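Spelled out from the first residue to the last, the chains are:
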Amino acid sequence: MLKNALYLRLSLADGDLGKNNKDESNSIENQRTLLVNFLQDRDDLADEYIEYVDDGYTGTNFERPEFKRMIEDAKAGKIDTIIVKDFSRIWKGLYWCWRLSGADTSNTGNSFYFSQQ
């Protein structure tokens, strides 16, 4: 059975984290709803998932604690499918940045799903 990861990210500049005592930005809540619905609509993916949330972190570098934990979990075989809203949640220049960061999981059998193009 596939072990899914949901990755959610929003930079601090774009969100409302901390406003009105919010623990989580609206965008993160919206991403979660979108990804859980996407997951439930797919017959080829299990409904169970591990959630990784970097709320308030830029996507211009890999200094994101949950991103790092997710990649380590993928390399360790704890997850084999990573689901994100779109490329920008990971990085704008995904392929080269992925390779250069050392986060390349191409030899682990991991898969990415994007709920939107």
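Presented here is a report on the structure given in the accompanying data block. (Residues numbered from 1 in each chain as written. Predicted model: local features only at pLDDT ≥ 70, side-chain atom pairs only at ≥ 80, totals over all residues. Heavy atoms only, no water.)

A separate point is the pattern of salt bridges. Two side chains carrying opposite charge are able to pair once their charged atoms lie near each other. Counted by the stated rule, this structure contains six salt bridges. As a salt-bridge pair, R32 and E51 come within 2.7 Å of each other at their nearest N and O atoms. Pair noted here: R32 is in helix α1 (residues 26–41) and E51 is in strand β2 (residues 49–55), with a separation of 19 residues, a long-range link. Ionic pairing is found between D73 and K78, a salt bridge with its closest N-O pair at 3.7 Å. Overlapping salt bridges bring together E66, R69, D73 and K78 as one network. (Salt bridge = Lys/Arg side-chain N within 4 Å of Asp/Glu carboxyl O. Helix = DSSP H or I, 4+ residues; strand = E, 2+ residues; numbered from the N terminus.)

This part covers helix α2 (residues 65–75). For α2, the set of buried residues is E66, F67, M70, I71, D73 and A74. Down the axis of α2, the buried side of the element spans an arc of 160°, and every buried residue falls inside it. Among the residues trailing α2, G77 stands out with phi positive, at a value near 80°. (Buried < 20%, exposed > 50% of the residue type's maximum accessible area, 1.4 Å probe, protein only. Arc of directions from axis to C-beta.)

In this structure, R9 sits in strand β1 (residues 4–10). Take R9: its relative accessible area is 6%, and that puts it in the buried class.

In this structure, A5, Y7, Y52, F62, F67, M70, I71, A74, I79, I82, V84 and I90 together form the largest nonpolar core, which totals twelve residues. At the level of secondary structure, the elements contributing two or more residues to this core comprise β1, α2 and β3 (81–84). For this core, the element with the most residues is α2, which contributes four residues. (Core = buried A, V, L, I, M, F, W, Y, C linked by side-chain atoms within 4.5 Å.)

On to the packing of aromatic side chains, then. This structure, assessed with the given rule, holds two aromatic pairs. Consider the rings of Y7 and F67, whose centres lie 5.8 Å apart with planes at 70°: the pair is edge-to-face. In this pair, Y7 is assigned in strand β1 and F67 in helix α2, connecting sequence segments 60 residues apart. The class for Y7 is buried, based on a relative accessible area of 0%. For F67, a relative accessible area of 2% corresponds to the buried category. Judged by centre distance (5.0 Å) and plane angle (25°), the ring pair of F62 and F67 falls under stacked. Following the ring pairs from residue to residue traces out a cluster consisting of Y7, F62 and F67. When the ring centre of F67 is taken as reference, the NZ or CZ atom of R64 above it lies at 4.7 Å. (Phe/Tyr/Trp six-rings, centres within 6.5 Å; stacked < 30°, edge-to-face > 60°. Lys NZ or Arg CZ within 6 Å of the ring centre and 35° of its normal.)

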